[in-house]
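So you can see what is in the structure, the chains are spelled out below.
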Amino acid sequence: MAILPILRYPDPRLRSPCRKVEVFDARLATLADDLAATMRAAPGIGITAAHVGVLERLTVIELDGPGSLRVYVNPQIEWFSPELQRHTEGSVSMPGMTDEVERPARIRLSYQDLSGGTHSEEADGLLSVCLQHEIDQLDGIFWIDRLSRLKRERLVKKYSKAKA
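Rules behind the numbers
- Residues numbered from 1 in each chain as written.
- Predicted model: local features only at pLDDT ≥ 70, side-chain atom pairs only at ≥ 80, totals over all residues.
- Heavy atoms only, no water.
- Helix = DSSP H or I, 4+ residues; strand = E, 2+ residues; numbered from the N terminus.
- Expected span 1.5 Å × (residues − 1).
- Buried < 20%, exposed > 50% of the residue type's maximum accessible area, 1.4 Å probe, protein only.
- Contact = heavy atoms within 4.5 Å.
- 1 Å grid on protein atoms, 1.4 Å probe; cavity = no way out; pocket = protein on both sides within 12 Å on 5 of 7 lines; lining within 4 Å.
- Points joined across faces, edges and corners; volume = space filled by probe spheres on them.
- Nonpolar A, V, L, I, M, F, W, Y, C, P; charged D, E, K, R; others polar.
- Core = buried A, V, L, I, M, F, W, Y, C linked by side-chain atoms within 4.5 Å.
- Pairing = 2+ DSSP bridges.
- Salt bridge = Lys/Arg side-chain N within 4 Å of Asp/Glu carboxyl O.

Engineer: Would you mind showing me how to read helix α1 (residues 26–41) here?
Structural biologist: Every α-helical turn comprises 3.6 residues, leaving residues that sit three or four positions apart pointing alike. Taking 1.5 Å as the rise per residue, α1 with 16 residues should run 22 Å; its terminal C-alpha atoms sit 23 Å apart, in good agreement. All of the buried residues in α1 are Leu28, Leu31, Ala32, Asp34, Leu35, Ala36, Ala37, Thr38 and Met39. Check the buried side of α1 and you find it contacts β1 (46–48), β2 (58–61) and β3 (70–80).

If you want it as C-alpha cells, here you go:
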C-alpha cells in the first residue's frame, strides 16, 4: 500500500465531478488500498479518489479503526430523511479546518463493491454524515460549499493564513 499525495484546497480538481467506475480489476483494488493507507496517514476517517487526483467514483471510510474499512464504488444517494443533523466536518484536503455542517440525518444509498456487485444500504449518525460528505466530493462539491458565504469566506481566510 502506498501513501499518495493529497490535493490541497483550492486545487480545481477538488471541484470536478468524478466519472463512474466501469472496470473492476486489480488496479481498482490497489487504488482502494492506497486510499486507505493515505487516509490513515492524513489522518482522516474518509477519503475519495478525487482527493488524490484520480477522478473516479471511489471512496473509503473507516470510522472504528482497523478492521472497519468500508469501500464504496459508484455510490449514489437514493433517499434523504427530512430530519436534519449538525456535525463538525473537515477535509484531508484542507487540514486543520473544521466547521459545523447541517445534513439529512439518514440516507439510503446504492453502490458497488470492488468486484462490481451491487448493494443498497441505509445509514445514520456519523456514517450518514461521512457518506454524504464523500459523495459530495465525488460530485465536485467541496464541503465548504455547504457553509454560509460568510462562514466559508472566514474559513478560507483562516486556511490561507495557516498555510502562509
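Engineer: Honestly, the layout of surface pockets in this entry has me stumped. Any pointers?
Structural biologist: Over the atoms, a rolling probe the size of a water molecule traces out where space has been left empty. Considering only enclosed or pocket space, the largest pocket measures out at about 390 Å³ in volume. Around the largest pocket sit 24 residues that line it, and Gly44, Ile45, Gly90, Ser91 and Val92 are the ones nearest its centre. Breaking the lining of the largest pocket down by element, the ones donating at least two residues are β4 (84–90) and α2 (125–138). Of the residues belonging to the lining of the largest pocket, the class tally is eleven nonpolar, ten polar and three charged.

Engineer: Any chance you could explain the nonpolar core here in plain terms?
Structural biologist: Nonpolar side chains tend to gather and get buried jointly when the protein is soluble and globular. In this structure, Leu35, Ile47, Leu58 and Val60 are the most contacted members of the largest nonpolar core, which totals 14 residues. A total of five residues in this core trace back to one element, the largest contributor, which is α1. What Leu58 contacts, discounting residues up to four positions off in sequence, is Leu28, Leu31, Ala32, Leu35, Ile47, Thr48, Ala49, Val71, Tyr72, Val73 and Leu138. One finds Leu7, Met94, Leu147 and Leu155 within the second-largest nonpolar core, a separate group that totals twelve residues.

Engineer: I would appreciate a short explanation of the pairing of β2 in the present structure.
Structural biologist: Regular strands have side chains that alternate between both faces of the sheet. Along β2, one buried face is formed by Leu58 and Val60 and the opposite face, lined by Thr59 and Ile61, is buried too. Note that β1 and β2 share three bridges and pair antiparallel. Across the sheet, the residue bridging to Thr48 is Thr59, located in β2. Alignment of β2 against β3, held across four bridges, turns out to be antiparallel. Looking at the pairing, Thr59 lines up with Tyr72 of β3.

Engineer: So what exactly am I meant to see when it comes to the environment of Ala162 here?
Structural biologist: Along the chain, Ala162 turns up in helix α3 (residues 149–163). What makes Ala162 exposed here is its relative accessible area of 56%. Between the alpha carbons of Ala162 and Met97 there is a distance of 9.5 Å; along the sequence they are 65 residues apart.

Engineer: What is the right way to look at the pattern of salt bridges in this model?
Structural biologist: Between side chains of opposite charge, a pair can form as their charged atoms come close. In this structure the tally under the stated criterion is 16 salt bridges. Ionic pairing is found between Arg70 and Glu121, a salt bridge with its closest N-O pair at 2.8 Å. Here Arg70 is found in strand β3, whereas its partner Glu121 is found in strand β7 (residues 118–124), with 51 residues between them in sequence. Residue Arg70 is classed as partly exposed on the basis of its relative accessible area, which comes to 34%. Residue classification places Glu121 among the buried residues on the basis of a relative accessible area of 14%. For Glu78, the salt bridge is made with Arg108, and the minimal N-O distance between the two is 4.0 Å. Taken together, the residues Glu78 in strand β3 and Arg108 in strand β6 (residues 106–112) connect sequence positions 30 residues apart. A network of salt bridges, in which partner residues are shared, links Glu89, Arg103, Asp136 and Arg146.

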